[in-house]
Amino acid sequence: MSQEQAAPEGQNPAADEAGRALSEQQLVRRQKLAKLQAEGCDPFATLTWKQSHHSKQIKDDFEAMENQTVSLAGRIMSFRDIGKAAFVDLQDRDGRIQLYVNAEDLGAERYAHIKTWDVGDIVGVEGFVFKTRRGEISVHAKRLELLAKALEPLPEKFHGLKDPEIRYRRRYLDLIMNNQVMDTFKKRTAIIKAIRRYLDEREYIEVDTPILSTIASGAAARPFVTKSNALNLQLYLRIATELYLKRCIVGGMERVYDMGKNFRNEGIDIRHNPEFTMIELYQAFADYNDMMSLLENLVAYCAQEVCGSAKVVYQGTEIDFTPPWRRLTMMDAVKEYGQLDFSAVKTDLEAQAIAKQHGLEHELKKKLKDCTKGDILNAAFEKFAEEHLIQPTFICDYPTDISPLTKQKPGDPTMTERFEAFVYAREIANAYSELNDPIIQLERFQQQARERELGDDEAYMFDEDFIASLEVGMPPTGGMGIGIDRVIMFLTDAYSIRDVILFPTMKPQA
């Protein structure tokens, strides 16, 4: 290192400006950058590069593209030097294409300069399309420019990037190194577009509802708490959009939906992330049967549009989304898979005895003595039935005790017109015939308030303005919430929800 380049006193020459230790490869790349800049060839000074095509376009339409001049840009993924020529793999958003580079076209000095570039560098190329003697579609480079210098080496290509911690924390590397990851997130976009298209064609209106609210309600979930300094007010990140969308129905919109982020301050596992994407939709003059039909046809439509078939393979199991899906009441599911007949249970005490006998305490969210028959029926379903629901299945008719926003079944006040849809033993949607009686809704909120007093911090909060909206009059309405990330998991064969969220919630590294 020359005197002019010497590191300041006390600074490690193998460290960056922030004092972070540099590997030998990192140090060499910085030295190359400094040399380029000293020669007046700063790769970061380039402002733009006009792309005429991407790799897939050229490969898909080679017959029309052969001998055509093209301009591409992307990242160097390999450089195979064969003397006075080289083959370079260029990766853009759509995949890879081979470049042929030689000294005769570019000049010996320029070619020697190009040979100092590194895998990972971002370049622009102009040249003509041809096919090599081995039959590989390529671009014969007539001009090659360095557009950005990669100061960090890419992961070793033979083993690839497999460590999930690194993949989720440094998603940019995951997208570069794993083609299937890029494909997953392209499919994610396609699925979301298909959902919107399906609903828009059926005259649903997309609306925006608040993310910050003074009340966290619309779902049984623990919220994130924040504060408005301007208002000196405690606020919550939304856990659901339900109560605002129902206000839209009261206002006469008839068909509405909101697709966006919800936030729940709960556990993290392969099915749960604290920040997730959900769609809620509401249709006036409809009920939960209409929601079943809508969901099964919507998911089948998305599968057909994005995967080419309503049948997909998930983790080695074929899942058939073709409508109609199986319909089963919660009580019948518990009877079929747990051999427990809750139709014969008349009191909460009888149900509590069954819970104790069959070890259901783990599934209960409160002390056994405070549990109702409905709480225990739901716990029995979770323990005995849920794991068997591999093919798409509607579990219908949930207990009133656990469905505070749902209309009761005619003739049976203990049950409601509610369903949850399950695939591969995972819930993907929750839907109701919406409760529109403000008097009963007020009583349900008061019951939820008592649940909160008993220690259930996931019980619904009382929303006075929502009651006021129901008093204006809400028509009979079917409503549904769909977990978008979970649907995408099934249509992309993703094992974990983190595989379909670009930047999942992670603990900071030390």
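Scroll up to find the structure this text is about.
Residues numbered from 1 in each chain as written. Predicted model: local features only at pLDDT ≥ 70, side-chain atom pairs only at ≥ 80, totals over all residues. Heavy atoms only, no water.

A.B. asks: I'm lost on the sheet that holds strand 20 (residues 477–483) in this one. Help?
C.D. replies: The pairing of strands in a sheet happens through backbone hydrogen bonds and is either parallel or antiparallel. Taken together, the 8 strands give an open sheet; going across it, the order is 6-10-11-20-19-18-15-14, and neighbouring strands pair in mixed fashion. Edge positions in the open sheet fall to strand 6 (205–206) and strand 14 (326–329), since each of these has one partner strand only. Pairing of strand 14 with strand 15 (residues 393–396), which is carried by 4 bridges, proceeds in the parallel orientation. Residue pairing for strand 15: R326 is matched across the bridge by T393. (Pairing = 2+ DSSP bridges. Helix = DSSP H or I, 4+ residues; strand = E, 2+ residues; numbered from the N terminus.)

A.B. asks: I keep staring at the sheet that holds strand 5 (residues 137–148) and nothing clicks. Help me out?
C.D. replies: Overall, mixed pairing links the 5 strands, which are arranged 1-2-3-5-4 in a closed barrel. Between one strand axis and the next, the sheet turns by 55° as a mean value, whatever way the strands run. Bridge count between strand 4 (residues 122–131) and strand 5: 10 bridges; the pairing is antiparallel. Residue G124 lies in a different strand from strand 5, and its bridge partner there is E145. (Axes fitted to C-alpha atoms, helices over the stretch in contact; angles between N-to-C directions.)

A.B. asks: Explain the nonpolar core here, please?
C.D. replies: The tendency in soluble globular proteins is for nonpolar side chains to be buried as a group. With 46 residues, the main nonpolar core has L295, F419 and M480 as its most contacted residues. Residue contributions to this core peak at 10 residues, all from helix 10 (residues 288–307). In contact with L295, other than residues within four places in its own chain, are W325, F394, F419, A421, A429, M480 and I482. In terms of nonpolar packing, the next biggest core, distinct from the first, is built from 27 residues, V334, L360, I376 and F384 among them. (Core = buried A, V, L, I, M, F, W, Y, C linked by side-chain atoms within 4.5 Å. Buried < 20%, exposed > 50% of the residue type's maximum accessible area, 1.4 Å probe, protein only. Contact = heavy atoms within 4.5 Å.)

A.B. asks: Would you mind showing me how to read the packing of aromatic side chains here?
C.D. replies: Aromatic rings considered in pairs are described by the distance between their centres and by the relative angle of their planes. By the definition in use, this model includes 12 aromatic pairs. Taken together, a centroid distance of 5.2 Å and an interplanar angle of 25° make the contact between W325 and F394 stacked. On the criterion of sequence distance, the pair formed by W325 in the loop between strand 13 (317–320) and strand 14 and F394 in strand 15 is long-range, its members being 69 residues apart. For the pair W325 and F394, a shared accessibility class is recorded, and that class is buried. Through successive ring pairs, a cluster of aromatic residues spans F87, Y100, F128 and F130. The lysine or arginine in question, R247, covers the ring of Y244, its NZ or CZ lying 4.9 Å from the ring centre. (Phe/Tyr/Trp six-rings, centres within 6.5 Å; stacked < 30°, edge-to-face > 60°. Lys NZ or Arg CZ within 6 Å of the ring centre and 35° of its normal.)

A.B. asks: Whenever I open this one, the side chain of D456 confuses me. Can you help?
C.D. replies: When you line up the elements, D456 lands in the loop between helix 14 (438–453) and helix 15 (464–472). Notably, D456 is buried but unbridged: the nearest opposite-charge side chain belongs to K366, and the N-O separation is 5.6 Å. Among the polar contacts made by the side chain of D456, one reaches the main-chain amide nitrogen of E458 at a distance of 3.0 Å. (Lys, Arg positive; Asp, Glu negative; His and termini not counted. Salt bridge = Lys/Arg side-chain N within 4 Å of Asp/Glu carboxyl O. Polar contact = N/O pair within 3.5 Å; in protein donor to acceptor, adjacent residues only side chain to side chain.)

None of the figures reported here should be taken as evidence of function without further support.
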